[in-house]
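Report on the structure
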Protein chains: 2
Amino acid sequence: MKKLSIVDIANHLNVSKTTISFILNGRAQEKRIGKELVDRVQKFVDEVGYKPNSLAKSLRTGKSNIIGLMVEDISNPFFASIARLIEDRAYKNGYKIIYCSTDNDTNKTRELISMFRDRHVDGYIIAPPEGIEDDISSLIKDGMPVVLFDRHLPKVSTDFVEIDNLFSTYNATMHLIQQGYKNIAYITFASNQTQMQDRLQGYKDALDESGLKPFIQEIVFSQNEELIMGPLNTFLKKHKNLDAVFFGTNHVGTCGLKVINSLGLKVPDDLALVSFDDYDVFKLFSPPVSAIAQPIEAIADSVITVLLNKLNTSSQHISSQSIILKTDFQIRGSSKKADKA
Amino acid sequence: MKKLSIVDIANHLNVSKTTISFILNGRAQEKRIGKELVDRVQKFVDEVGYKPNSLAKSLRTGKSNIIGLMVEDISNPFFASIARLIEDRAYKNGYKIIYCSTDNDTNKTRELISMFRDRHVDGYIIAPPEGIEDDISSLIKDGMPVVLFDRHLPKVSTDFVEIDNLFSTYNATMHLIQQGYKNIAYITFASNQTQMQDRLQGYKDALDESGLKPFIQEIVFSQNEELIMGPLNTFLKKHKNLDAVFFGTNHVGTCGLKVINSLGLKVPDDLALVSFDDYDVFKLFSPPVSAIAQPIEAIADSVITVLLNKLNTSSQHISSQSIILKTDFQIRGSSKKADKA
DNA sequence: ATGAAAGCGCTAACAC
DNA sequence: GTGTTAGCGCTTTCAT
């Protein structure tokens, strides 16, 4: 059974394909097409299960109903959860998602953007790596709806959705300080991305304000856990005087826990812990790890809402918006000073 | 700057667009097009950064270079990791991925398949829910390349990639028995999917063989963790005599750990633990949880290899293959009997 | 109120 | 070797 086209059904019904097209696109009223005809067409279409070829439609209209989603790494639970939520909302609104992981690699990202353009995606949701400013700018210049999230590009004016990174780490660091910890390290990935810089700054500000000395360890991002745990191990062994460690991301945090376990360190007695991003690993660790929970649902919701908005308003120039969401600091056993101060 | 089409560049070079098309598609040799012309075209194309419109190409050729990937839930670390790996391989071979989560919902899946068809995806990778047999069959009947994974549909003859579920649970259950545990429960999601049934059977076989009594608890699948933890809690409270629990999936396992923590049970003294699927949560729990590690890379690799194969061989009727991979049972502290038997 | 026809950008049979 | 041309299936202007 060959798939039928609009022509087939037009022929079968002895009507012009134009009319069919109008009816199928809900413009029957507007075109004053006879109600009786409309029903007849509708009925037949349902009967044979005709579906317009969306490729042809896209070619003609220039709209693909596809949204491109570019995250750092889809296997990271943070991004996976957001992707899931965005996916749901997108499908409900008639959009499909094409996604991919950038690995924070500028060239790969550039290539992917080009692929997306080529595919005529209608909109872009991107957690951008550094160095991609020009590509994003040109996307925007060409009128493509773009929403950044998790971080933004200071030199590009776009809509973006973020959390209050600086306050989050400041606040959590302050908590450690209030608990009486003095030698607090901050371990993060080496990155100039805004969210990473803001987080680092929040930590620094808190220490500064309290007259404490910062210990910062930046690790080169890698897919290979060994390459993260190695430097972490070295760092922790070298700084025996530390009494608390702040992990800048969930990935660093997880690797950190593994290293701490392998070193046989006691939490929080030997070392207190706080990590960015909250997820099961932290909740189930013994003791559970204090963590900064990002409002995943709110982020996904904001992102897709903003994008759908841009997609639906024909007007090119709505002023772009920045949405900054609050995080939720979950204080748990890993950062509570033992009673005998 | 308007995006240019093949016609523009043909005009600009005073050549027919056919010639351009041939050159761009690497058929210059075959068509004996002058090397000099080829170079000239190539140079100009590079210069202006011309990219063929893939929509038009797809419309014409019927190929979209898109693979549809349907998993149960992209935010589940197992599926997220596999998706990531498949994505990489697919991109390297010139394919993009459109993915979505089925939630094990037959109707949703049916709709998604229809969307994929409509989008003319070139191939399908599916972790199928129950009840979707007919849709898959018709896909195959129409000559679409389909690879199932994680589970299969007994009534449909397709290529699929799976692990040896039955042996995996049998083996791990035997381990518990050898450690001296007598009252071993198996907690899983209620499901008739092959992998779930096989896992359950492996457990039953082991108990049978050892003359032990099974305790089986099936939980209704849900996105909402509360709805999983509730029944779990009830079950554990009701069966105080249990000395070991086997979790049938990573999700059940994670929820199980939360419940065990909230109940204040000691692992493995109060309760020994084994779970299907290995991931960070299990590795970092105290004590670390014995787990059946699926060979993620091998699964992803097999899936995409099989699919690419089907995509590239024009022949319709290669006999379909089933690939069954081995798992790796990681024995850890959660299932070792305390020394004083 | 309905239909004819142009055209979105590309490929490939078929001429020349 | 290179160009002409007919679609792929759809939307939309314009004429009737």
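Residues numbered from 1 in each chain as written. Chains lettered and ligands numbered in written order. Predicted model: local features only at pLDDT ≥ 70, side-chain atom pairs only at ≥ 80, totals over all residues. Heavy atoms only, no water.

1. Here we look at the UniProt feature "domain: HTH lacI-type" (unreviewed entry) in chain A
Feature annotation in UniProt assigns "domain: HTH lacI-type" (unreviewed entry) to the following positions: residues 4–61 of chain A. Strand forms 0% of residues 4–61 of chain A and helix 66%; the C-alpha atoms that close the span are 20 Å apart. (UniProt positions renumbered as here; feature names shortened; annotations may be inferred. Helix = DSSP H or I, 4+ residues; strand = E, 2+ residues; numbered from the N terminus.)

2. Considerations on the packing of helix α5 (residues 77–92) of chain A against helix α6 (residues 106–118) of chain B
Axis angle and axis distance: for two packed helices, these are the angle between their axes and the distance between the axes, and together they describe the pair. With their axes 13 Å apart at the nearest point, α5(A) and α6(B) run at an angle of 75 degrees to one another. The pairing of α5(A) with α6(B) is recorded here as roughly perpendicular in orientation. The residues of α6(B) that touch α5(A), namely those facing Arg84(A), Asp88(A) and Tyr91(A), are Lys108(B), Leu112(B), Met115(B) and Phe116(B). Tallied by class, the residues present in the contact of α5(A) with α6(B) amount to four nonpolar, no polar and three charged. (Axes fitted to C-alpha atoms, helices over the stretch in contact; angles between N-to-C directions. Parallel < 35°, antiparallel > 145°, perpendicular 65-115°, else oblique. Contact = heavy atoms within 4.5 Å. Nonpolar A, V, L, I, M, F, W, Y, C, P; charged D, E, K, R; others polar.)

3. Observations concerning the pairing of strand β3 (residues 123–126) of chain B
All names here are of chain B. By the alternation rule, side chains of β3 split into Gly123 and Ile125 and Tyr124 and Ile126, which are all buried. Bridging between strand β1 (residues 66–71) and β3 involves four bridges; their strand directions are parallel. Following the sheet pairing, Gly68 is matched in β3 by Tyr124. (Buried < 20%, exposed > 50% of the residue type's maximum accessible area, 1.4 Å probe, protein only. Pairing = 2+ DSSP bridges.)

4. Quick look at the sheet that holds strand β10 (residues 290–293) of chain A
All names here are of chain A. Taken in spatial order, the six strands of this open sheet run β7-β6-β8-β9-β10-β12, and their pairing is mixed. Of all strands in the sheet, those with a lone pairing partner are β7 (215–219) and β12 (328–330), marking the two edges. This sheet shows a mean twist of 15 degrees between the axes of neighbouring strands, independent of strand direction. Across the sheet, helix α9 (residues 194–209) lies against β6 (184–189), β7 and β9 (272–276), angled at about 170 degrees from β6, the strand it touches most. Relative to β9, helix α11 (residues 250–263) is tilted by about 155 degrees, and along the sheet it contacts β6, β8 (244–247) and β9.

5. A few points about the relation of the copies chain B and chain A
Between the two chain copies there is a screw-like relation: a rotation about an axis and a shift along it. Rotating chain B by 180 degrees and moving it 0.0 Å along the rotation axis overlays it on chain A with an RMSD of 0.1 Å. Taken together, the turn and the small shift mark the pair as related by a two-fold rotation axis. Most of the interface of chain B is mirrored in chain A, where 100% of its interface residues again form contacts. (Least-squares fit on C-alpha atoms with pLDDT ≥ 70 in both.)

6. Describing the protein's contact with DNA strand D
Close contacts around DNA strand D come from 28 residues, with Ile6(A), Tyr50(A), Arg60(A), Thr18(B) and Arg32(B) the closest. Each atom of DNA strand D within 4 Å of the protein belongs either to a base or to sugar and phosphate, the latter forming 56%. Separating a phosphate oxygen of DNA strand D from a backbone N or O atom of Ser16(B) is a distance of 2.8 Å. Taking Thr18(B), its side chain carries an N or O atom lying 2.5 Å from a base oxygen of DNA strand D. Listing elements by their share of the surface near DNA strand D, those giving two or more residues are α2 (17–24) and α4 (54–61) of chain A together with α2 (17–24) and α4 (54–61) of chain B. Class assignment for the residues of the surface near DNA strand D results in nine nonpolar, eleven polar and eight charged. (Near = heavy atom within 4 Å. Polar contact = N/O pair within 3.5 Å; in protein donor to acceptor, adjacent residues only side chain to side chain.)

7. Remarks on the interface of chain B and chain A
With 51 residues of chain B at the contact, the number on the chain A side is 51 residues. Both sides of the chain B and chain A interface together cover about 4,400 Å² of buried area, and 55% of this is carbon and sulfur. Here chain B is connected to chain A by eight salt bridges. Two residues, Lys108(B) and Asp88(A), come together in a salt bridge whose shortest N-O distance is 3.7 Å. Run the count over chain B and chain A and you get 18 residue pairs in polar contact (both at pLDDT 80 or more). Mapped by element, the contributors of at least two residues to the side of chain B that touches chain A are α4, β1, α5 (77–92), β2 (96–101), α6, α11 (250–263) and α12 (280–284) of chain B. Element by element, the count of residues in the side of chain B that touches chain A is highest for α5(B), at seven residues. Classifying every residue of the side of chain B that touches chain A gives 22 nonpolar, 14 polar and 15 charged. (Buried area = accessible area lost by both parts, 1.4 Å probe. Salt bridge = Lys/Arg side-chain N within 4 Å of Asp/Glu carboxyl O.)

8. Here we look at the protein's contact with DNA strand C
Near DNA strand C there are 26 residues, and of these Arg32(A), Ile6(B), Lys17(B), Tyr50(B) and Arg60(B) occur at the shortest range. Among all atoms of DNA strand C positioned within 4 Å of the protein, those belonging to sugar or phosphate total 60%. Measuring from a phosphate oxygen of DNA strand C, one finds a side-chain N or O atom of Thr19(A) at 3.0 Å. Counting residues per element, the ones that place at least two in the surface near DNA strand C are α2 and α4 of chain A together with α2 and α4 of chain B. Looking at the surface near DNA strand C, the element that brings in the most residues is α4(B), giving four residues. Partitioning the surface near DNA strand C into residue classes produces eight nonpolar, ten polar and eight charged.

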